[in-house]
Amino acid sequence: MRRQRLSLLSKSSGFMPYPWKPLLESLRIYYSQHGDCVIDNSFTVPFEEPWPEELRGEKLARLVYNMDFWKTHIAPYPNRRPELNELKFIWGRLQPEYNLVVEALLVFKEIEGHLNVPSKFVVPCNQLWPKSVWRLKLGYLVSDIRCRNRFVGDDGGKWFQLQSMGFVWEASDVKWERFFSALQMYVDTTGNALIPRSFLVPREDPWPLNLWGYKLGIAVYNVRSKGTYVNDRPERIRALNQLGFVWDPGEYAFEQFLEALNVFKQIHGHTRVPQQYICPESDAWPSHLHGYRLGARRHTIRLRGDLVKNYPDRRVRLELLGFE
């Protein structure tokens, strides 16, 4: 009956008014087993000795790390503070959980430079982090804020606070921005957006440090084949088109060959390109074709049907140009 009354109180206030003795005893047992009182919120008092019987099955952290615990058991009894200090009780965890999340987010941003917290990230127990947030499942809590508005609800003040910190409400936005930044850098560096699937961002200048090792080739492939980042996002498709994104590498390669062949014919009067011919860096040739291996491409088209096999419309266009 007592347990039922306590459960009702717990549901209404979030605090179980257990006596001081079993709470202190549980903290001592936890300390003896773990060497600290950095208690995970998910830790449940075991149904076994030597744990106090009346606390078994309860979430220990939720019983001791809140202001109700302080008001009931500590504030009226100053002599109890030294006992908890000996157990390395973390006084900073008495504040609301939202405050701890904000504190952890500030440190995360200071260390990582952003607030795109991985969903499985747990605050490590080291000196870079305040003890009040050690073992905090920050990734899980951030996901809860994004998906269910946990802590925030309709509180405009909290929403503005997170927003001003740079909180990432949509993780996909950060991934898209990284992808687009890498793509833009590739275009600026090479002059085209025809990116090999195997391309990795090199770990060297002028590439930004946060892009080193990024699998840009695979990311481009996923955009083309699966619509990653761009499904139902027409503004992103427009941004890629403005950058010269290559949606169909085969079509791009054919158009490039056709353009180069047309320039060659204008200069030489025919399309019999020598196999070793490379488009020269001269005013007669567009700069984006400089260095293009026109002879080798013509040879593979004539020999194997590259770019035109199963594309009768492309064959017709070549024939109209006088392809030999």
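Rules used throughout
Residues numbered from 1 in each chain as written. Predicted model: local features only at pLDDT ≥ 70, side-chain atom pairs only at ≥ 80, totals over all residues. Heavy atoms only, no water. Core = buried A, V, L, I, M, F, W, Y, C linked by side-chain atoms within 4.5 Å. Buried < 20%, exposed > 50% of the residue type's maximum accessible area, 1.4 Å probe, protein only. Helix = DSSP H or I, 4+ residues; strand = E, 2+ residues; numbered from the N terminus. Contact = heavy atoms within 4.5 Å. Expected span 1.5 Å × (residues − 1). Axes fitted to C-alpha atoms, helices over the stretch in contact; angles between N-to-C directions. Parallel < 35°, antiparallel > 145°, perpendicular 65-115°, else oblique. Nonpolar A, V, L, I, M, F, W, Y, C, P; charged D, E, K, R; others polar.

Undergrad: Teacher, can you tell me more about the nonpolar core here?
TA: Side chains of nonpolar character tend, in soluble globular proteins, to be buried together. One finds Ile 39, Leu 60, Val 64, Phe 69, Leu 105 and Leu 138 to be the most contacted residues of the largest nonpolar core, which totals 50 residues. Per element, the largest residue contribution to this core is eight residues, and it comes from helix α6 (residues 97–112). In this view, Val 64 contacts Leu 23, Leu 27, Ile 39, Phe 69, Phe 89 and Leu 94; residues no more than four positions away in its chain are not counted. Grouped together as the second largest cluster of nonpolar side chains are 24 residues, Phe 179, Leu 211, Val 220 and Phe 245 included.

Undergrad: Just checking my understanding: could you explain helix α2 (residues 20–34) for this structure?
TA: Count 3.6 residues to each turn of an α-helix, and residues three or four apart come out pointing the same way. For α2, which comprises 15 residues, the first-to-last C-alpha distance of 21 Å matches the rise-based estimate of 21 Å (1.5 Å per residue) to within 8%. For α2, every residue scored as buried is listed here: Trp 20, Pro 22, Leu 23, Leu 24, Ser 26, Leu 27, Ile 29 and Tyr 30. Elements in contact with the buried residues of α2: α3 (60–64), α4 (67–74) and α5 (80–86). Phi for Gly 35, located one or two positions after α2, is positive at around 80°.

Undergrad: What exactly am I supposed to notice about the packing of α6 against helix α8 (residues 156–165) here?
TA: A pair of packed helices is characterised by two quantities: the angle between their axes and the separation of those axes. At their nearest, the axes of α6 and α8 sit 11 Å apart, and the two run at 10° to each other. Considering their axes alone, α6 and α8 lie roughly parallel with respect to each other. Facing α6, whose interface residues are Tyr 98, Val 102, Leu 105, Leu 106 and Lys 109, α8 presents Lys 158, Gln 161, Leu 162 and Met 165. Its residues placed into classes, the contact of α6 with α8 shows six nonpolar, one polar and two charged.

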